[in-house]
Amino acid sequence: MSTFAELLLNGISMGSVYALIALGFVVIFRATEVVNFAHASLLLAGGYVTATLHEDIGFWPALLVGIAGAAVVGAAVDLLVMRRYRGSDHSVLAIVTIGVDILLTTELTRRIGTDVLALGDPWGDAVLTLGPISLAHTRIAAFVAAGLLITVFLLAFRYTSWGVAMRAAAESAETAALMGVRLGRVSLGAWAVAGGLAAVAALFLTVFPTPGLERATSLAALKAFPAAILGGLDSTTGALVGGLLVGVTESLATGYQSELTFLGRGLGDLAPYLVMTVILLIRPAGLFGTKELARV
Amino acid sequence: MSTTGTTGKRGAARVAAGALAALLLLSGCSSKAKDDGDGEKGDAAAGEVKTGQGISGRTIALGALTDMTGVYATLGKSVTQAQQLYVKQLNADGGVCGHKVELTVRDHGYDPQKALSGYTELAPKVLGFSQFIGSPFVAAAKPRIDGQDKALVLPQGWSSELLGSPYIRVIGSTYDIETINAVDFLMKEKGIGKGDRIGHVYFEGDYGESALLGSKHIARQAGLTVVEQKIKPTDNDMTAQVAALKKAGVKAVVISAGPRQAASLVGVAAAGGFDVPVIGNNSAFAPQLLATQAGPALMKNYYVASPSLPIGADTPAAEKLVADYRKAYPKATLDNGVVAGWTAASAFGEALKKACKSKDLTREGVGKALLTIDALDTGFGVAQDFTDPEASSSKESVILQPDKSVTGGMKVVQEAAASTAAEAYTPTAP
Amino acid sequence: MSEAPVSEAPVSRAPLSEAPVRPPRLAPRTRTYLWAGGGLLLLVLPFYLDRFWLQAGLFAMAAAIGAIGINLLTGSTGQLSMGHAFFLAIGAYGYCVFAAEGGDGLTGLGLPTWLAAVLAVLLSGLAGGLFSPIAGRLRGAYLGIATLALIFIGQHVLFNARDLTGGFNGRDVPPLSLFGLTFDDRELLVANVPFGSAEKLWYAGLVLLLGCGLFARGVLRGRPGRAMNAIRDHRIAAGVIGVPVARYRAAVFVLSSMYAGLAGVLLALVFQRTVPDYFGITLSLEYLAMIVIGGLGSVSGAVIGAVFVSVLPQLLTRYSDALPLVSAPGTGGVAPGEASRYLYGAAVVAVVLFLPGGLVRVAAGRRFRTDPGEKR
């Protein structure tokens, strides 16, 4: 039982990090209806900036610069690339983000090379022990940070003018533009926010249970895809629920792999996608996604 | 994305003509136009030493198919640089039989298509391959290596499935043997005994699954139970694995994965008070890790089984290599990839020298020359015996422990030795 | 490969609302000469090029077949698929299972190899069909991510179903034999040129590519092509005018899977061994890059893109010594592998930015129009 609780808690804390990444997808998708496959490279960019700066300026300033840096990269992608395509087919835009991702990831992995970069976080490898269950401080921090950020965004969507503008843009870009919403600013803001969120996620993906930032870190973003989709690409709540679901599924499938050998070993990566496929079969727009009403 | 198809046919003609010209140009500079004669050049020996494919003029061409931009980038970089250094020194000493050796490197980034292309490109040009990373790719090229090309290939992959070919020669102990030695160390030094459970965390793929053969073999013999945890190279967080192993009550853990997974596993286990010894294969450690948070835990509870002494060994040969390597590549990390690359290049170099002595520098001659080398010692504590193509060139392992203060980050805790289980073991297909 | 410049299909990609602008036609005779010249050139290449180039060409042909398939789906119907590599794997491994004799301890049915190839393609189609409950209902990006699941499932099965796939080391591919001719490495002298597997397969590849190209062109130019474009350009309107949207989506998905399956069979024959690592997410992304670079929705675009993406890295690696900026492996700086990734990442971005319509537009003359910016 304690193993189960430990796996569950671990899954939830990991899931909250996936939720942060998924939230980034959702924010961009809501603002521009584009699926951002370049998210992995934003994550790597944020982590890289934090990792290279923390020794000189300390962890917290480095983290802030990292978040700002990833936000700037995100905004730059929007300004330099995505803005020029506005109006193109969304599938094409999605493929363009793949191109952007290849460029950014190649550059960053070339810089990282074969190093493993520490992020210099204050939590270290401290562990909280509750009876038989132990949970790393970093994981608790991840959960708290993700919870806070997601709450802030839920509120911002509802109550700030930026949030309203974004929801309007998501509803109908043309109408929103006619009503005086500056679509450019909305999408620029979305990209910057997604970058910042990715940088925070990068921090929690590279601290304690994992040794540090390295070239493969960005692959974690692949786990946030099913999270975003199964929650519903246009739903912030969906991102949260999807992230948690992916985290817990992955953790349990890994922890109980000896009991699941009939499916083959090493299920951890696969399980979230299986869950996603099942959910999509039942609800094609995801758990919380807006169903399209146009039916003919 | 729908544009109207306004095809400019005149433009089409221009482009087609251009394409034609380009293709003609390509075929113009192709090497197949030699089909009427000079294809078999060199067979009639220049001077007295018989030469063949891979030697033109006074140059011996060797190939290296490596991975410097993919998953094995860390290994590939060290191995390649060490081999380039070896070749440079060999040439400075006068080369082989008055020939200079030239190493052509192709980086395949662990992409099968690029690996095969690299092989196809280099195979007709080189005498042999001093490096070929990725045992699935070696397996893919195997029919051609054994069938037509018959060139010596020294893979940088220690899967037992590569054994048995007279041309593909694995250097050092294979992963299964290394794992047997590792478990043997646990039993002798860490009090693991009959009836105990040991965990084995391993990568999906040639490396991990070869190692698993070894741990299962010795477990069967010694009455241990192996608790398997298969992971993927993209898994960087071992929390769930540690929880599962803890639940299973294992007394020790073997890890056949990458350095990051080892660091995570050791770190999580230590932090959670799960105080068991962990031993990894040669590839499950990188000195870069000691600078991260996992450093202290690694130095306390982690061991590595290695096919040779570490780069920081205090033999004269090792010290010379460290000095030369630092001079040639001031920024590079000194790790065991350097030793592996150096040893492989030395083996090839020695084979070339022997072949030179017997005046036969053909592919066949070099292959035969390698078969006569029974105790190659490059100064890293293990003698390599190449006389039996069915076996790896050594069954010995050195047990190392991470230590920040040593060059290369590892110190020796048990000198090179082959366990009795490893001596008696013959690899079987999974 | 050289059919690219001339096989442009002007009618096929016209948006619903506009009548296609007829291009001034090339004199029919010149056209014929071009085709004949290009065809002849392709036919004589095996006599001159060495195995490296032939193999590169074969990779490009296989990629072209796969790219035509995904272009039908993504380019013409607007459905994003990131699972193409999965269907390639089914084709490649399916062929091995059907054709192998089972001598290496792995499952093999020992069927005649040509039949095995056909069955492998059908099997890929069947797999695509099994996915149709999802492929028919989801659109665009949703489908893109849903198909990512296929990659993960595929990799898991390839590594774990040892009896079928040989696990991590893959399995040997039995050489194709057709009408008594075996496409293996036993040398066959043709006009004093030794023909190995690459030379022989070259012709098989050409025939397959030509067939696939013509069939896809037929589909695109006919009624189904118009329906597919209608779904892409305006799904709801397409439904209103009577196009069965879900059924078309599923059908195109199946067709595209079959193309992928055939590409997989050809690749397996070229590789002579299937390796699971190959059929990962990178491969799927490469196919998407191909069709964007070459030109969405057109057969020749897919072919051009496939040649670009699959030959470029090999060129850069081979001539890395002679290129400025690119440094030899091991010396630091930009390695050839990285250089080709930069180039093809940049190509994807730049082509959409500056050459809407892809390279095929350039090949077909510079008279492209900018995109009208239509909605789904």
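Remember, it's a predicted structure, so these values are computed and weren't measured experimentally.

### Some details on the overall build of chain B
- Counting its regular elements, chain B contains 13 helices and 14 strands.
- Burial analysis of chain B (430 residues in total) assigns 63% to the buried set.
- Of all intrachain contacts in chain B linking residues separated by at least 6 positions in sequence, the fraction that spans at least 24 positions is 72%.

### Let's talk about the overall build of chain C
- Within chain C, the secondary structure is distributed over 15 helices and 6 strands.
- Of the contacts formed within chain C by residues at least 6 apart in sequence, a portion of 75% connects residues at least 24 apart.

### Structural notes on the domain arrangement of chain B
Residues and elements named next belong to chain B.
- Once the domains are mapped, chain B shows domain 1 (50-172 + 313-394) and domain 2 (175-306 + 412-424).
- The centre of domain 1, based on its C-alpha atoms, is set 29 Å off from the matching centre of domain 2.
- Between domain 1 and domain 2, the residue contacts involve 16 residues of the former and 17 residues of the latter.
- Elements with a minimum of two residues in the side of domain 1 that touches domain 2: α2 (73-92) and α4 (135-149).
- Across the side of domain 1 that touches domain 2, the residue classes break down as 6 nonpolar, 9 polar and 1 charged.

### Describing α4 of chain B
- Under the 1.5 Å per step criterion, the end-to-end length of α4 of chain B is only 18 Å for 15 residues, more than 12% shorter than the ideal 21 Å.
- For α4 of chain B, a buried count of 11 out of 15 residues is recorded, marking the element as mostly surrounded by other parts of the structure.
- Every buried residue of α4 of chain B is accounted for by S135, P136, F137, V138, A139, A140, A141, K142, R144, I145 and D149 of chain B.
- Residues of α4 of chain B that are buried in the fold lie against α3 (112-122), β5 (128-133), β6 (152-156) and α6 (206-222) of chain B together with α11 (245-271) and β6 (273-274) of chain C.

### Description of the sheet that holds strand β8 (residues 225-231) of chain B
Residue and element names in this part refer to chain B.
- Spatially, β8-β7-β9-β10-β11-β13-β14 is the arrangement adopted by the 7 strands of the open sheet, whose pairing is mixed. Across the chains shown, the open sheet's two edge strands, defined by having one partner strand only, are β8 and β14 (410-417). Sheet twist, expressed as the mean angle between neighbouring strand axes with direction ignored, is 20°.
- Note: strand β11 (residues 302-306) against strand β13 (residues 397-402), 3 bridges, orientation antiparallel.

### A word on the pairing of β8 of chain B
Residue and element names in this part refer to chain B.
- Relative to β8, strand β7 (residues 197-203) is paired through 7 bridges, and the arrangement is parallel. Looking across to β8, one finds that V201 is bridged to Q229.
- Handedness of the β-α-β unit built from β7, α6 and β8 comes out right-handed.

### Observations regarding the confidence of the model for chain B
All names here are of chain B.
- The share of residues in chain B with pLDDT of 70 or more is 88%, and the mean pLDDT across the chain is 85.
- Helix α1 (residues 9-28) is the least confidently modelled element of chain B, averaging 52 in pLDDT, while strand β9 (residues 252-256) averages 96, the highest of any element.
- Counting contacts from residues 1-9, a segment whose pLDDT is below 50, to residues more than four positions away or on other chains yields 49 contacts.

### What to know about the packing of helix α11 (residues 336-357) of chain B against helix α12 (residues 363-371) of chain B
Residues and elements named next belong to chain B.
- At their nearest, the axes of α11 and α12 sit 8 Å apart, and the two run at 110° to each other. If you check the angle between α11 and α12, you find them roughly perpendicular. Facing A351, L352, K354 and A355 of α11, the residues of α12 in contact are G365, V366, A369 and L370.
- Residue composition of the contact of α11 with α12, by class: 6 nonpolar, 1 polar and 1 charged.

### A short note on the environment of F25 of chain A
Residue and element names in this part refer to chain A.
- The topology assignment puts F25 in helix α1 (residues 2-32).
- Sequence-wise, F25 and H39 are 14 residues apart; in three dimensions their C-alpha atoms are separated by 7.4 Å.
- Among residues more than four places away in sequence, those in contact with F25 are V35, N36, H39, A224, A228 and L233.

### Quick look at unusual backbone geometry
- In this model, K359 of chain B sits at a positive phi of 60°, which is unusual for a non-glycine residue.
- By secondary structure assignment, the location of K359 of chain B is in the loop between α11 and β12 (360-361).
- Of note, Q272 of chain C is a non-glycine position whose phi angle comes to about 65°, a positive value.
- Inspection of the secondary structure assignment puts Q272 of chain C in the loop between α11 and β6.

### What about the nonpolar core?
- Counting 383 residues, the largest nonpolar core has A64, I65 and V348 of chain C as its most contacted members.
- Looking at this core, the element that brings in the most residues is α11 of chain C, giving 18 residues.
- Residue assignment places this core across two domains, with domain 1 (50-172 + 313-394) and domain 2 (175-306 + 412-424) of chain B each supplying three or more.
- In contact with V348 of chain C, not counting residues within four places along its chain, are I95, V96, I98 and G99 of chain A together with A289, V292 and I293 of chain C.

### Quick look at the packing of helix α9 (residues 223-233) of chain C against α11 of chain C
Residues and elements named next belong to chain C.
- Contact geometry of α9 with α11 gives a least axis separation of 11 Å together with a crossing angle of 110°. With respect to α11, the element α9 is oriented roughly perpendicular. The way α9 lies across α11 gives a crossing that is left-handed. Each of A227, M228 and I231 in α9 lies in contact with α11, whose residues at this interface are V245, Y248, R249 and V252.
- Residues that form the contact of α9 with α11 fall into these classes: 6 nonpolar, no polar and 1 charged.

### Details of the interface of chain A and chain C
- Counting residues at the interface gives 34 residues for chain A, matched by 40 residues for chain C.
- Looking at the side of chain A that touches chain C, the element that brings in the most residues is helix α4 (residues 90-112) of chain A, giving 13 residues.

### Notes on the pairing of strand β1 (residues 127-130) of chain A
Residue and element names in this part refer to chain A.
- Pairing of β1 with strand β2 (residues 133-136), which is carried by 4 bridges, proceeds in the antiparallel orientation. From the neighbouring strand, V127 faces β2, where its bridge partner is A136.
- Between β1 and β2, which pair antiparallel and follow one another directly, the connecting turn spans 2 residues, one of which, G131, has a positive phi of 60°.

### Describing helix α5 (residues 137-159) of chain A
All names here are of chain A.
- Between the first and last C-alpha of α5 there are 33 Å, a value that for 23 residues agrees with the 33 Å anticipated at 1.5 Å per step.
- Taken as a whole, α5 has its buried residues at T138, R139, A142, F143, A146, I150 and F153.
- Where α5 is buried, its residues contact α1, β2, α8 (183-206) and α10 (236-255).

### Details of the environment of S165 of chain B
Residues and elements named next belong to chain B.
- With respect to the helices, strands and loops of the structure, S165 is situated in the loop between β6 and α5 (175-189).
- Residue S165 is classed as partly exposed on the basis of its 15 C-beta neighbours within 10 Å.
- Through-space distance from the C-alpha of S165 to that of L127 is 17 Å; in sequence the pair is 38 residues apart.
- Excluding residues within four positions of it along the chain, S165 makes contact with K142, I145, D146 and P389.

### What about the confidence of the model for chain C?
Residues and elements named next belong to chain C.
- Looking at chain C, pLDDT values average 82 and 86% of them are 70 or higher.
- Highest mean pLDDT in chain C belongs to helix α3 (residues 84-99) (95); lowest belongs to strand β4 (residues 188-190) (73).
- A low-confidence stretch, residues 1-23 (pLDDT under 50), is modelled with 82 contacts involving residues beyond four sequence positions or located in other chains.
- Note that pLDDT drops below 50 for residues 366-376; the model gives that stretch 26 contacts with residues more than four away or on any other chain.

Rules used in this analysis
- Residues numbered from 1 in each chain as written.
- Chains lettered and ligands numbered in written order.
- Predicted model: local features only at pLDDT ≥ 70, side-chain atom pairs only at ≥ 80, totals over all residues.
- Helix = DSSP H or I, 4+ residues; strand = E, 2+ residues; numbered from the N terminus.
- Buried ≥ 20, exposed ≤ 12 C-beta atoms within 10 Å, placed from the backbone.
- Contact = placed C-beta atoms within 7 Å.
- Domains from an automatic or database assignment.
- Nonpolar A, V, L, I, M, F, W, Y, C, P; charged D, E, K, R; others polar.
- Expected span 1.5 Å × (residues − 1).
- Pairing = 2+ DSSP bridges.
- Axes fitted to C-alpha atoms, helices over the stretch in contact; angles between N-to-C directions.
- Right-handed = clockwise from strand over helix to strand, strands pointing away.
- pLDDT = per-residue confidence, 0-100.
- Parallel < 35°, antiparallel > 145°, perpendicular 65-115°, else oblique.
- Core = buried A, V, L, I, M, F, W, Y, C linked by C-beta atoms within 7 Å.
- Left-handed = near helix turned anticlockwise from the far one by under 90°.

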